[in-house]
Amino acid sequence: MELVAGSYEQVLFGFTVHPEPQANGDHEQKWTPVADFTHHAHTASLSAVAVNSRFVVTGSKDETIHIYDMKKKIDHGALVHHNGTITCLKFYGNRHLISGAEDGLICVWDAKKWECLKSIKAHKGHVTFLSIHPSGKLALSVGTDKTLRTWNLVEGRSAFIKNIKQNAHIVEWSPSGEKYVVVILNKIDIYQLDTASISGTITNEKRISSVTFLSDSVLAVAGDEEVVRFFDCDSLVCLCEFKAHENRVKDMFSFEIPEHRVLVTASSDGFIKMWKLKQDKKVLPSLLCEVNTNARLTCLGVWLDRGTKEILPPATEPSPVSKEQSKISKKESADMVPEEKTSKPISKKCGLTGDSNKPTKGKRPVSSEKRKMVGMTLEAELYSAAVEQCYVND
């Protein structure tokens, strides 16, 4: 197991973590972090990190994505495509990497050949965050154009656009994929997948910097403060809170090992800490280990050994996207940046039918309240249809 963290100082840190032999009478097993590497590949501060079973990739304000082969412990090269700070990086399995940046682009990369399969003009402003559905067929992104966008990753195109009142900076799927959260400043809106509507809102004391699901109903929340809080997404109640660092918590990562679940936190105070979570999330977690990098940390990842698994359940990997898979409308085509290389079609297109803008005949005027309810129902139906379209038979 390796903890990797990026910093304002342009350095990526790597620490190998080993469990110590448990002495007789010890109730808590301790873990020992050992410095493995420091790598100064970027020319600006690191902004994002992602890991899969072999590689660690980092994004930076220098507009590049660097690749590290963790098996061979070598720099594997860099990806240069974006014109702007890399804001988010997400692996899905071992075949695909998805990147987002301040240039408004979302790029889908082949993680074997490291070629850009698709480059999509995703947002009119910056892409601030993206999250991949556990199935790999669906993704969500938020940007500075005040929109939440749903993406069909099978066909590599937009499936649904929802206008939100403010600029969101985090979006995250639950492990089951049945709900997702959208973070705006210090508020977390919880959405249900089947209705695309908000089922509840959690308010944190300060601006939120990172969230991670500990289970399908429990969410860990960190912000511009030293405290980490666990919230129940159903009751919206804070289950517990604990002081994790001496400065603001910048990023978190959660994973599961056979004995228990672990939460890793990284802070501007320079520390990376591993916490053992209790089965009852109302009970405060215990510290497994900590290491001081003496740097201002910005992002975090955990490269897991074969004996461990991520908190998300395994799922089938998505097939590569291709511009030949479906004919898209002129409006969609204007937002897409086609790539030269394509692959064979892997699914049949199932388009939406019907005209939702046709006027309804009737003598009695419809009240504004009823119009609002009808609009919300229609939006949910359109969203549901768009999601179903992503799951047509491959």
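Check the entry above for the structure.
This report concerns the structure included in the present document.

## Re the packing of aromatic side chains
- Applying the stated criterion to the full structure yields seven aromatic pairs.
- Consider the rings of tyrosine 180 and tyrosine 191, whose centres lie 5.1 Å apart with planes at 5°: the pair is stacked. Of the two residues, tyrosine 180 sits in strand β17 (residues 179–184) while tyrosine 191 sits in strand β18 (residues 187–192), which places them eleven residues apart along the sequence.
- Taking the relative accessible area as the measure of exposure, tyrosine 180 reaches 1% and is therefore buried.

## A look at the pattern of salt bridges
- Within the structure shown, the criterion is met by 13 salt bridges.
- One salt bridge in this structure joins arginine 261 and glutamate 256, with 3.4 Å as the shortest N-O distance.
- When salt bridges with common partners are traced through the structure, they connect Glu205, Glu225, Arg229 and Glu241 into a single cluster.

## Concerning the pairing of strand β5 (residues 55–60)
- Counting buried residues along β5, six of its six residues qualify, which places the element largely inside the surrounding structure.
- Burial along β5 is two-sided: Phe55, Val57 and Gly59 and Val56, Thr58 and Ser60, pointing in opposite directions, are all buried.
- From the end of strand β4 (residues 46–51) to the start of β5, which pair antiparallel, there are three residues.
- Strand direction decides the pairing type here: β5 and strand β6 (residues 65–69), joined by five bridges, are antiparallel. Note that in β6 the partner of threonine 58 across the bridge is histidine 66.

## Looking at the side chain of glutamate 225
- Checked against the element boundaries, glutamate 225 lands in the loop between β21 (218–223) and β22 (227–232).
- For glutamate 225, the side chain forms a polar contact with the side chain of arginine 229, separated by 2.7 Å.
- Each residue touching glutamate 225, except ones within four places of it in the same chain, is listed here: Asn204, Glu205, Lys206, Asn247, Arg248 and Val249.

## Digging into the sheet that holds β18
- Across the sheet, four strands lie side by side as β16-β17-β18-β19; this open sheet has antiparallel pairing. In the strand order of this sheet, the two ends are held by β16 (170–173) and β19 (198–203), each with one partner. Within this sheet the neighbouring strands show an average axis-to-axis angle of 20°, counted without direction.
- Here five bridges tie β18 to β19, and the two strands are oriented antiparallel to one another. Bridge pairing links isoleucine 190 to glycine 200 in β19.

## Some words on the sheet that holds strand β13 (residues 138–143)
- Within the open sheet, the four strands sit side by side as β12-β13-β14-β15. Their pairing is antiparallel. Every other strand in the sheet has two partners, leaving β12 (127–132) and β15 (157–163) as the edge strands with one partner each. The sheet shows a mean angle of 20° between the axes of neighbouring strands, direction not considered.
- Across six bridges, strand β14 (residues 147–152) lies against β15 in antiparallel orientation. Within the sheet, the bridge partner assigned to threonine 150 lies in β15 and is phenylalanine 160.

## Focus on the environment of proline 285
- As for its placement among the helices and strands, proline 285 is situated in the loop between β26 (271–277) and β27 (286–292).
- Note on proline 285: relative accessible area 10%, which makes it buried.
- Residue contacts for proline 285: discarding those within four places in its chain leaves Phe230, Phe242, Trp275, Lys276 and Leu277.

## Some thoughts on the nonpolar core
- Counting residues in hydrophobic clusters, the biggest one holds 28 residues, and the most contacted among them are Tyr180, Val182, Ile188, Val211 and Leu219.
- Contributing elements (two or more residues each) for this core: β13, β16, β17, β18, β20 (208–213) and β21.
- If one sorts the elements of this core by residue count, β17 sits on top with five residues.
- Beyond its immediate chain neighbours, meaning those up to four positions away, valine 211 contacts Ile170, Glu172, Val181, Val183, Ile188, Leu219, Ala220, Val221 and Met252.
- Judged by nonpolar contacts, the second largest core, of 24 residues, contains Met1, Trp31, Val262 and Ile272.

Cut-offs and rules
Residues numbered from 1 in each chain as written. Predicted model: local features only at pLDDT ≥ 70, side-chain atom pairs only at ≥ 80, totals over all residues. Heavy atoms only, no water. Phe/Tyr/Trp six-rings, centres within 6.5 Å; stacked < 30°, edge-to-face > 60°. Helix = DSSP H or I, 4+ residues; strand = E, 2+ residues; numbered from the N terminus. Buried < 20%, exposed > 50% of the residue type's maximum accessible area, 1.4 Å probe, protein only. Salt bridge = Lys/Arg side-chain N within 4 Å of Asp/Glu carboxyl O. Pairing = 2+ DSSP bridges. Polar contact = N/O pair within 3.5 Å; in protein donor to acceptor, adjacent residues only side chain to side chain. Contact = heavy atoms within 4.5 Å. Axes fitted to C-alpha atoms, helices over the stretch in contact; angles between N-to-C directions. Core = buried A, V, L, I, M, F, W, Y, C linked by side-chain atoms within 4.5 Å.

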